[in-house]
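The lines below spell out each chain.
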Amino acid sequence: MPGCSQSRIAMFRSLEADYEILAVLSRHPTGHMPAQELGTLVQWEKSRLSHQIRRMQEQGLIVREPNPADGRSAMICLLPAGRQAIEDAAPQHVQNVRRHFIDLFTPAELDTFAALNKRVARHLAEESSPEESTPDESALPH
């Protein structure tokens, strides 16, 4: 990112990580889930998740509690300050996605991107099935 200081990039990455964790927890009906499930959903390594959880816990956004169903694991629980933080951040996040991604493309390019995304999603869904699938070229705009 030309023109951005390293500290600004680091701050952005930290905020992005906070947002990702808070978004997952806030969408969960109870606002809490086992740490292993959270790690799977955000596709992070255990050590990265652990460090991020510690930082967010220090900020009062979440809390780590023993899992009542399994004494060996932890539940990650969204605190009221965390819920407020995600609610406050969501509109700006949407604006940033639009400004730094959506607005950079024409409608035709977005259609192409959507078609490619569908193709990848289909491939991943079919990956475990034994039959071979071929790309659907007709789904791509020319």
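Our subject is the structure that appears above.
The structure displayed is predicted, hence computed values, not measured ones.

**Student:** Explain helix α2 (residues 35-42) to me, and be specific about the residues and the numbers.
**Tutor:** Along α2, the positions that sit buried rather than exposed are Ala35, Leu38, Gly39 and Val42. For α2, the angular spread of the buried residues around the axis is 100 degrees, confining them to a single face. Turned more than 90 degrees away from the buried face of α2, the exposed residues are Gln36 and Thr40. Just past α2, the residue Gln43 takes up positive phi, approximately 60 degrees.

**Student:** Requested: an account of the sheet that holds strand β1 (residues 32-34), with residues and values cited.
**Tutor:** Paired through their backbone hydrogen bonds, the strands of a sheet run either parallel or antiparallel. Ordered by their spatial adjacency, three strands build an open sheet running β1-β3-β2, and the pairing between neighbours is antiparallel. Strand pairing shows two members of the sheet lacking a second neighbour, β1 and β2 (62-67), which therefore form its edges. If you compare each strand with its neighbour and ignore which way they point, the axes differ by 25 degrees on average. Strand direction decides the pairing type here: β1 and strand β3 (residues 70-78), joined by three bridges, are antiparallel. Opposite Pro34, over in β3, you have Met75 as the bridge partner. Packing of α2 onto the sheet brings it into contact with β1 and β3, and relative to β1 it is tilted by some 95 degrees. On the sheet, helix α3 (residues 46-58) packs against β2 and β3 and is oriented at approximately 120 degrees with respect to β2.

**Student:** Just give me the short version of α3, but keep the residues and values in it.
**Tutor:** Between its first and last C-alpha, α3 extends 18 Å over 13 residues, near the 18 Å set by a 1.5 Å rise per residue. All of the buried residues in α3 are Leu49, Gln52, Ile53 and Met56. For α3, the buried positions fall inside an angular range of 105 degrees around the axis, keeping them on one side. Looking at the residues trailing α3, positive phi occurs at Gly60, about 80 degrees.

Calculation rules
- Residues numbered from 1 in each chain as written.
- Predicted model: local features only at pLDDT ≥ 70, side-chain atom pairs only at ≥ 80, totals over all residues.
- Heavy atoms only, no water.
- Buried < 20%, exposed > 50% of the residue type's maximum accessible area, 1.4 Å probe, protein only.
- Helix = DSSP H or I, 4+ residues; strand = E, 2+ residues; numbered from the N terminus.
- Arc of directions from axis to C-beta.
- Pairing = 2+ DSSP bridges.
- Axes fitted to C-alpha atoms, helices over the stretch in contact; angles between N-to-C directions.
- Contact = heavy atoms within 4.5 Å.
- Expected span 1.5 Å × (residues − 1).

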